[in-house]
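# Summary of structural features
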Amino acid sequence: MERLKGAVVVGFLKLFSLLPFGVAQRLGAFVGWLMWKLPNRSREVVRINFAHCLPELSEVEREKLVGETLLNIGRSFAESACAWMWSPQKTVALIKEVEGEHLLDEALAEGKGLVGITSHLGNWEVLNHWYCLKCSPIIFYRPPKQKAVDELLQKQRTQLGNKVAASTREGIISVMREVRRGGAVGIPADPEPALKSGLFVPFFGIQALTSKFVPGLLKGGSANGVFLHCVRLPDHSGFKVIVERAPEALYSEDENVAVAGMSKAIEGYVRRWPSQYMWTMKRFKKRPAGEKKWY
């Protein structure tokens, strides 16, 4: 059954990638609109997250944002299908603006290990190609359940000669070694980790289990960190890549300060582009002891 599911997903990805970008994006937005209008678990997860994280909005405002978010998630799916199947150069041509590129160049020139930190905001697959054109990083990722999809993503994400590392013990070790030897890595820092691998720190005023991995790599300034995001332009014609230095808090020897600083930085990006964040993630699935589960 998993093999069949994987084949179906790969087939849909290939189908989307055959379409012109604008058509694929609009079709993805339509899928997102259906997710908004028809009962489904993803829509409910977004609503739950908004009720807790954005209580300052009225119910009407929140529901409007639910719709915008799901349309953007549909667009992200279609855009990612194109990014996986197209050549990296064709995908990178969709990037119309880059802000702060010199910060990445400066960090690379220092010769230290480089940690490119991102989150599930905008389109991280388009960002992957841009980042891999700039250097040859190891991209850290969580493998999908379907083996066929995982094999496809491994192949497509390494078209530029870079490597990928799954979120396994072996993958974690390979990322750590790469940073220690002065290489570059790319890590999405917002997925909820295992209890032993994270700390509860504020995210939108809510205690959220947050990974210690990135702060551990940067501890004491042993490596450089930059935040990388690729956000959708307002007219949906392409993307803007934004590069910013990691705040000083991420280099702290105090683990709680560093993890909280990373969470605060990610929250700042999400507040700037709230409808482009993947709010369908069960970001608050694990709760502190004694707290009621959300989902």
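The chain is annotated in an unreviewed UniProt entry as KDO2-lipid IV(A) lauroyltransferase from Halopseudomonas litoralis. Under Subcellular location (unreviewed entry), UniProt gives the following word-for-word description of the chain: "Cell inner membrane".

### Focus: the sheet that holds strand 5 (residues 184–188)
A sheet is described by the order of its strands in space; here seven strands give the open sequence 1-9-8-2-5-3-4, paired in mixed fashion. Single-partner strands in this sheet number two, and they are strand 1 (95–99) and strand 4 (163–166). Each neighbouring strand pair of the sheet contributes to a mean axis angle of 25°, computed without reference to strand direction. Strands strand 8 (223–232) and strand 9 (239–245) of the sheet are contacted by helix 11 (residues 255–272), whose axis makes an angle of about 20° with strand 8.

### Observations concerning the pattern of salt bridges
Oppositely charged side chains can form a pair if their charged atoms are brought close together. By the definition in use, this model includes 16 salt bridges. In this structure, the salt-bridge partner of Glu267 is Arg271, at a minimum N-O distance of 2.8 Å. One end of the pair is Glu267 and the other is Arg271, both in helix 11 and four residues apart, which spans about a single turn. On the basis of relative accessibility, which here comes to 41%, the residue Arg271 falls in the partly exposed class. Because the salt bridges share partners, they merge into one network encompassing Arg43, Glu44, Arg47 and Glu63.

### Description of the pairing of strand 2 (residues 113–118)
The element strand 2 is extensively covered by neighbouring structure, given that six of its six residues are classed as buried. Here strand 2 shows no split at all, with Gly113, Val115 and Ile117 on one side and Leu114, Gly116 and Thr118 on the other all buried. Note: strand 2 against strand 5, five bridges, orientation parallel. By the bridge assignment, Ile117 is partnered in strand 5 with Ile187.

Reading the values: the criteria
- Residues numbered from 1 in each chain as written.
- Predicted model: local features only at pLDDT ≥ 70, side-chain atom pairs only at ≥ 80, totals over all residues.
- Heavy atoms only, no water.
- UniProt positions renumbered as here; feature names shortened; annotations may be inferred.
- Pairing = 2+ DSSP bridges.
- Helix = DSSP H or I, 4+ residues; strand = E, 2+ residues; numbered from the N terminus.
- Axes fitted to C-alpha atoms, helices over the stretch in contact; angles between N-to-C directions.
- Contact = heavy atoms within 4.5 Å.
- Salt bridge = Lys/Arg side-chain N within 4 Å of Asp/Glu carboxyl O.
- Buried < 20%, exposed > 50% of the residue type's maximum accessible area, 1.4 Å probe, protein only.

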